[in-house]
Amino acid sequence: IAPRLTAMSSLRHKYTNRENVAVNVTWSMNRWNVYGSAEYGHRHLYDVSAFEKRYGDLYAEQTADIDLYDPNMRSRRHSGMINMGVDYRLTPLHIVSLQTRVDLDKYKEQDDHLLFTGIPGTPSQKFRLSGNSYEAQSSAVRASYEGTISAKMNLTADLLYNHYHVDEERIYRLGEDYLSE
C-alpha cells in the first residue's frame with residue numbers, strides 16, 4: 001500500500017485564494033493490483049477592471065474608476081477527478097483490467113460596472129452585469145485484456161465507454177438608470 005497526499009494553498013492577496021488536494025493509493029498482491037487517485041481543486045479570484053470608449057464627440061461609455069478595495073470581477077472554479085482501477089493476473093501471461101475515471105469542472109465568473117453612457121458632458125448612469133456559468137462532467141469506463149498466446153502471438157482487447165456533458169449559460173444585463181441612495 002502506497003498512499004500519498006498532496007495539498008497546496010496560495011493567498012495572493014486578501015481577495016484571492018487557491019487550494020488543491022490529491023491522494024494516490026496502490027495496493028498489490030500476488031494476482032491483484034488495485035489503484036486509485038482523487039484530486040480536488042478550488043480557485044476563488046477577485047480582480048478589478050475599468051474602460052473608456054469614445055465614438056468621436058457623439059457617444060461615450062466610461063466605467064467608474066478602479067477601486068482595489070472593492071473588486072468588480074469575480075470568478076470561482078471547482079474541479080475534481082476520481083480514477084480507479086483493478087488488474088487481475090489470470091496466469092503469468094494473461095491479465096484482465098477494469099478502470100474508471102470521473103471528472104467534474106464547475107466555473108462561474110461575473111463582472112459588474114457602473115457605466116456612464118451617452119453624449120459627453122451629459123452622461124446617464126447605468127449598471128452593467130455580465131457573466132458566464134460553465135459545468136462539465138465526463139466519465140469513462142475501460143475493460144481490457146492482455147495475453148500472450150504463443151512466443152510469436154500476443155492478444156490485446158479493449159472496450160471503452162466515454163460520456164461527456166456540458167452546461168453553459170451566459171448573461172448580460174444593462175440595468176435601468178442607476179440610482180444611488
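In short, a report on the structure. (Residues numbered from 1 in each chain as written. Predicted model: local features only at pLDDT ≥ 70, side-chain atom pairs only at ≥ 80, totals over all residues. Heavy atoms only, no water.)

Attention shifts here to the pattern of salt bridges. For the structure shown, the criterion picks out six salt bridges. With its nearest N and O atoms 2.9 Å apart, the salt bridge here joins Asp158 to Arg142. A residue pair is termed long-range when its members are at least 10 positions apart, and Asp158 in strand β9 (residues 153–177) and Arg142 in strand β8 (residues 124–150) qualify at 16 residues. (Salt bridge = Lys/Arg side-chain N within 4 Å of Asp/Glu carboxyl O. Helix = DSSP H or I, 4+ residues; strand = E, 2+ residues; numbered from the N terminus.)

The next thing to look at is the environment of Leu129. With respect to the helices, strands and loops of the structure, Leu129 is situated in strand β8. For Leu129, a relative accessible area of 12% gives the class buried. In this structure, the C-alpha to C-alpha distance between Leu129 and Arg173, residues 44 residues apart in sequence, is 5.1 Å. Leave out the neighbours within four places in its chain, and Leu129 touches Gln110, Asp111, Asp112, Ile171, Tyr172 and Arg173. (Buried < 20%, exposed > 50% of the residue type's maximum accessible area, 1.4 Å probe, protein only. Contact = heavy atoms within 4.5 Å.)

Before going further, it helps to spend a moment on the packing of aromatic side chains. Scanning all chains against the criterion turns up two aromatic pairs. Relative to Tyr88, the ring of Trp32 lies with its centre 4.5 Å away and its plane at 50°, an arrangement referred to as tilted. Separated by 56 residues along the polypeptide, Trp32 in strand β3 (residues 32–47) and Tyr88 in strand β6 (residues 73–91) bring together distant segments of the chain. What makes Tyr88 partly exposed here is its relative accessible area of 24%. (Phe/Tyr/Trp six-rings, centres within 6.5 Å; stacked < 30°, edge-to-face > 60°.)

Here we take up a nonpolar patch on the surface. A grouping of Ile82, Met84, Val102 and Leu104 is seen on the molecular surface, where their side chains present a nonpolar patch of about 350 Å² in accessible area. Of all elements in the fold, only β6 and β7 (94–118) reach the threshold of two or more residues within the nonpolar patch. Residue position: Ile82 is located in strand β6. (Patch = residues over 30% accessible without salt bridge, like charges linked within 9 Å, V, L, I, M, F, W, Y side chains within 5 Å. Areas by Shrake-Rupley, 256 points an atom, 1.4 Å probe, with all protein chains shown as cover.)

Turning our eyes to something else, we now look at the pairing of β7. Note that strand β5 (residues 59–63) and β7 share four bridges and pair antiparallel. Along β7, the bridge assignment pairs Gln62 with Phe116. Direction of pairing for β6 relative to β7: antiparallel, over a ladder of 18 bridges. Bridge pairing in β7 places Asp87 opposite Ser97. (Pairing = 2+ DSSP bridges.)

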